[in-house]
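Overview (structure and organization)
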Amino acid sequence: MVRATPRNLVDEPLVLAVDLGGTRMRAALVGPDGAMVHRHEQPTPRDVPCPDALDGLVGHVRGLADPACAVVGVPGLVDYDRGRLEHAPNLPPGWADAISASHFSAILGLPVTLVNDADLATLGEARFGAGRDARDVVYMTVSTGVGAGVVLDGHLVHGRHSGAEIGHTILDLSAHRDRRPATVEQLGSGPALARAAGDAGLRPDGAALVERVRAGDPTARAVWDGVVAAVATAAVNLAHLFTPGVIVVGGGVSRAGDLLLEPLRVFVAQHGPPVRSDAIAVVAATLGDDAGLIGAAAWPATRGDILRRRG
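Just so you know, these numbers come straight off a predicted model, no measurement behind them.

Side note on the packing of helix α9 (residues 218–242) against helix α10 (residues 258–271)
- Between α9 and α10, the least distance of the axes is 9 Å, while the angle of their chain directions is 45°. One way to sum up the angle between α9 and α10 is to call them oblique. The hand of the α9/α10 crossing is right-handed. Counted together, R221, W224, V228, V231, A232, T233, A235, V236 and H240 of α9 and L259, L260, P263, L264, F267, V268 and H271 of α10 form the full contact between these two elements.

Here it is, written out as structure tokens:
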């Protein structure tokens, strides 16, 4: 897929933004206001040992203009100091070892920063999307995996490594001991939804299951409620950890709209921190699949900020 927006490229410092996902990979040239000039998208190939297709996609977009730098969003644990992807369970085998800031810098001839994809999407939604009017923002993405990012007092929170890996936190200790699905991601992601549907004798397809829920199918409703409970618990845990003004929910599963968001609102209100001022809002992301690409436009201004607490 290719998308282009006419724009004056002469005086604007463009960022080459990349969003690598387990299912799709995207690259775009993005202006400082978050507007995309070019956007290219293609499936993430699962049957190749190294990310040659990603190199080709990024190199193609690089040739369309003269960006000032590149920001590459990746789905996993990032070492920001070394510019390396340390762990990425949703990528094809071997890809994580081949992906680094230095690798892309050599290909592109540009300064390159490697960033956790949820951190980039958090910046996008906090600066340009559903969280732009809030001071403290938590972003959750519920898709192939479950990730999160945090902006407090306007600053993206991270240390040497990317953080807020809510998807890998454990919800069921007994199941974890028995090596059964126990984490937020294992219980509340898109693949978890498909697996639960298949176990219940339904078509293992998330979109099809949502339609059955809307039609009043009790079996589909039971499957859906189980997955939503995992996501809602993750939202409550994030609320207690960071007490944000808003929790923004994105990712493919969030396309179910209020079928997902309303239970999250109820659960956060009932079990979240007892905030006495404004309640913690739970809202849908507004930037869709482009949140990470758009967030890359805000990254250079952060200079990879680590949260500096005010004394």
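Considerations on helix α3 (residues 101–108)
- All of the buried residues along α3 are A101, F104 and L108. The arc that holds the buried residues of α3, viewed along the axis, is 70°, so those residues lie on one side. Exposed side of α3, more than 90 degrees from the buried face: S102 and A106 are the residues found there.
- On its buried face, α3 sits against β2 (15–20), α1 (52–62), β5 (69–74) and β8 (112–116).

A look at unusual backbone geometry
- Of note, D153 is a non-glycine position whose phi angle comes to about 50°, a positive value.
- Relative to the helices and strands, D153 is located in the loop between β10 (146–152) and β11 (155–156).
- Not every positive phi belongs to a glycine, and T243 is a case in point at roughly 40°.
- Tracing the chain through its elements places T243 in the loop between α9 and β12 (246–250).
- The class of T243 is partly exposed, set by a relative accessible area of 39%.

A closer look at the sheet that holds β11
- As summarised here, the arrangement of the five strands in space is β11-β10-β9-β12-β13, forming an open sheet in which the pairing is mixed. Strands at the two margins of the open sheet, each flanked by one partner only, are β11 and β13 (281–284).
- With four bridges connecting them, β12 and β13 associate as parallel partners. Residue pairing for β13: V249 is matched across the bridge by A284.
- Packing of helix α4 (residues 117–128) onto the sheet brings it into contact with β9 (137–142), β10, β11 and β12, and relative to β10 it is tilted by some 50°.

Points about the pattern of salt bridges
- Counted under the stated rule, the structure contains 18 salt bridges.
- As a salt-bridge pair, D225 and R221 come within 3.2 Å of each other at their nearest N and O atoms. Placement of the pair is D225 and R221 together in helix α9, with a separation of four residues, close to one helical turn.
- Residue classification places R221 among the partly exposed positions, given a relative accessible area of 34%.

With respect to α4
- If you check α4, its first and last C-alpha atoms are 16 Å apart, about what 12 residues at 1.5 Å a residue would give, namely 16 Å.
- Along α4, nine of the 12 residues are buried, which leaves the element largely enclosed by surrounding structure.
- Listing the buried residues of α4 in full gives A118, D119, L120, A121, T122, L123, G124, E125 and A126.
- In this structure N116 caps α4, since a side-chain oxygen of it lies 2.9 Å from the backbone nitrogen of A118.

Things to note about the nonpolar core
- Grouped together as the largest cluster of nonpolar side chains are 56 residues, with contacts concentrated most on L85 and I99.
- Broken down by element, the residue count for this core peaks at seven residues, all from helix α11 (residues 291–302).
- When residues no more than four places from it in sequence are discounted, the contact partners of I99 are L20, P51, L54, V74, R84, L85, L91, F104 and L114.
- The next biggest cluster of nonpolar side chains, apart from the first, holds 38 residues, and it includes V146, I166, A232 and A235.

Observations concerning the pairing of strand β3 (residues 24–30)
- Burial runs high along β3: six of the seven residues are buried.
- One ladder, built from six bridges, connects β2 with β3; its direction is antiparallel. Within β3, the residue paired with A17 across the bridge is A28.
- Between β2 and β3, which follow one another and run antiparallel, lie three residues.
- Both β3 and strand β4 (residues 36–43) contribute to a ladder of seven bridges, which runs antiparallel. Note on β4: the bridge partner recorded for R24 is P43.
- Taken together, β3 and the strand that follows it, β4, pair antiparallel across an intervening segment of five residues, in which G34 is found at a positive phi of about 90°.

Thresholds applied
Residues numbered from 1 in each chain as written. Predicted model: local features only at pLDDT ≥ 70, side-chain atom pairs only at ≥ 80, totals over all residues. Heavy atoms only, no water. Axes fitted to C-alpha atoms, helices over the stretch in contact; angles between N-to-C directions. Helix = DSSP H or I, 4+ residues; strand = E, 2+ residues; numbered from the N terminus. Parallel < 35°, antiparallel > 145°, perpendicular 65-115°, else oblique. Left-handed = near helix turned anticlockwise from the far one by under 90°. Contact = heavy atoms within 4.5 Å. Buried < 20%, exposed > 50% of the residue type's maximum accessible area, 1.4 Å probe, protein only. Arc of directions from axis to C-beta. Pairing = 2+ DSSP bridges. Salt bridge = Lys/Arg side-chain N within 4 Å of Asp/Glu carboxyl O. Expected span 1.5 Å × (residues − 1). Polar contact = N/O pair within 3.5 Å; in protein donor to acceptor, adjacent residues only side chain to side chain. Core = buried A, V, L, I, M, F, W, Y, C linked by side-chain atoms within 4.5 Å.

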